[in-house]
Amino acid sequence: MAAAAECDVVMAATEPELLDDEEAKREAESFKEQGNAYYAKKDYNEAYNYYTKAIDMCPKNASYYGNRAATLMMLGKFREALGDAQQSVRLDDSFVRFKNANAVIEYEKIAETDFEKRDFRKVVFCMDRALEFAPACHRFKILKAECLAMLGRYPEAQSVASDILRMDSTNADALYVRGLCLYYEDCIEKAVQFFVQALRMAPDHEKACVACRNAKALKAKKEDGNKAFKEGNYKLAYELYTEALGIDPNNIKTNAKLYCNRGTVNSKLRKLDGAIEDCTNAVKLDDTYIKAYLRRAQCYMDTEQYEEAVRDYEKVYQTEKTKEHKQLLKNAQLELKKSKRKDYYKILGVDKNASEDEIKKAYRKRALMHHPDRHSGASAEVQKEEEKKFKEVGEAFTILSDPKKKTRYDSGQDLDEEGMNMGDFDANNIFKAFFGGPGGFSFEASGPGNFFFQFG
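The protein chain has the name J domain-containing protein in an unreviewed UniProt entry, where Felis catus is given as its organism.

Spelled out as structure tokens, the structure:
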């Protein structure tokens, strides 16, 4: 009897235990179904909670681990996902689809290394691949958006950040990326607002802190430089723009403007080579920066580098076909054409605004200096060179002393038109006419290398 009673007790204890297992399975399945519903709604945190409850009820069920692994991947927790995936395979070797977790972890490692190397294109590539397996991972999206901003692909970066903020308006990383895009687009004041907001959400956000500090410093230096320029203090403006350029080399758009501003300062200081260099740096940073092309073109004009000026004005006119830009291009083309002719002003050694008397005096001086008779005792080579210069002086005087010819020459028109062919020009006739005709002038030697002029 005692043995029988003992047996009854054992049996009584065993039967409810079997019922508990069945109850646990039903409850676990209920948790799994609720987890599936939240997963379908993309509420991965709640899905994770219910899959965990299911596992707690039935820790030997491979599908529960598989579902939770999928949820962890969506949450970007790949190392944890890999652990669940491995457990699901141990319980049921048909669960091999989670090998992707390893691939995602590898992409993440590569991306971290490439970010340090500033190879932002490769980081974007790795994040795109990782997001194929975990499309809801905010961390991957943020890293991709930050790299897009560093590559100057601001609309794409802002789109990614905005998508995150629509789901989580307090996401400090997304706020930082939005600010970064505005900062690099030279909207510094708005950028600071986003950086400040990010720091409110996460006071220890190091990147937002650095960006906010740089943005404020850049804005202040640029404004101080502009103020000094307007006040005519060009030396101070130059120093301030230079200091601003040293704040953040990554801010391409703002730095392009700073280089152009400093180039304007250099042009005011008549340091035209420096101005050209600054404008060149500006267009290297932003090849669509019309103002920098215009400033450089003007400097090229001022330094008589007309071919370079024409190239810049052509670039400007192709971009913005305005009447003003068309006229600037025509002026540069005219000066280029004129520069390829003989410069009669230079030959006579006078300014382009020289008066009639100044032109005559210059001709008298240069004609006597290069007259062949004065060099009759020189070598054949020297005689030939001086004869050539004598003829050019006569040509120059013929054109610049005649108002009609001078006007055509100054306007860049061809002098061969209207019978102004200089090929048949005789410099001696001009010389004789100027000095009073035959017998009116002669060179006489008073000793080796010494001459005096005799007028009749």
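This is not the end of the story, as more comes after the structure.
Below, the discussion takes up the UniProt feature "repeat: TPR" (unreviewed entry) in the protein chain. Under the local residue numbering, the UniProt record ascribes the feature "repeat: TPR" (unreviewed entry) to residues 28-61, 172-205, 218-251 and 290-323. For the annotated span residues 290-323, helix accounts for 82% and strand for 0% of the residues, and the straight-line distance between the end C-alpha atoms is 15 Å.

Attention now goes to the pattern of salt bridges. Pairs may arise between side chains of opposite charge once their charged atoms sit close together. For the coordinates displayed, the defined rule picks out 21 salt bridges. Close ionic contact of K207 with E146 constitutes a salt bridge, the shortest N to O distance being 2.9 Å. With K207 in helix α11 (residues 206-230) and E146 in helix α7 (residues 138-150), this residue pair connects regions lying 61 residues apart in the sequence. Look at K207 and you get partly exposed, because its relative accessible area is 36%. On the accessibility criterion, E146 (7% relative accessible area) is buried. Residue K257 pairs with D186 through a salt bridge whose shortest N-O separation is 2.7 Å. Placement of the pair is K257 in helix α13 (residues 252-268) and D186 in the loop between α9 (172-184) and α10 (188-201), with a sequence separation of 71 residues. Judged by its relative accessible area of 15%, D186 falls in the buried class. What emerges from the salt-bridge pattern is a single network uniting D186, K222 and K257.

Turning our attention to the nonpolar core. Formed by 59 residues in total, the largest nonpolar core has its most connected members in M127, F140, Y176, Y183 and F195. With nine residues, the single largest contributor to this core is α9. With residues near it in sequence (within four places) discarded, M127 still touches Y107, E108, A111, F140, L143 and K144. In this structure, Y345, A367, V393 and F397 belong to the second largest nonpolar core, which totals 19 residues.

What counts, and at which threshold
Residues numbered from 1 in each chain as written. Predicted model: local features only at pLDDT ≥ 70, side-chain atom pairs only at ≥ 80, totals over all residues. Heavy atoms only, no water. UniProt positions renumbered as here; feature names shortened; annotations may be inferred. Helix = DSSP H or I, 4+ residues; strand = E, 2+ residues; numbered from the N terminus. Salt bridge = Lys/Arg side-chain N within 4 Å of Asp/Glu carboxyl O. Buried < 20%, exposed > 50% of the residue type's maximum accessible area, 1.4 Å probe, protein only. Core = buried A, V, L, I, M, F, W, Y, C linked by side-chain atoms within 4.5 Å. Contact = heavy atoms within 4.5 Å.

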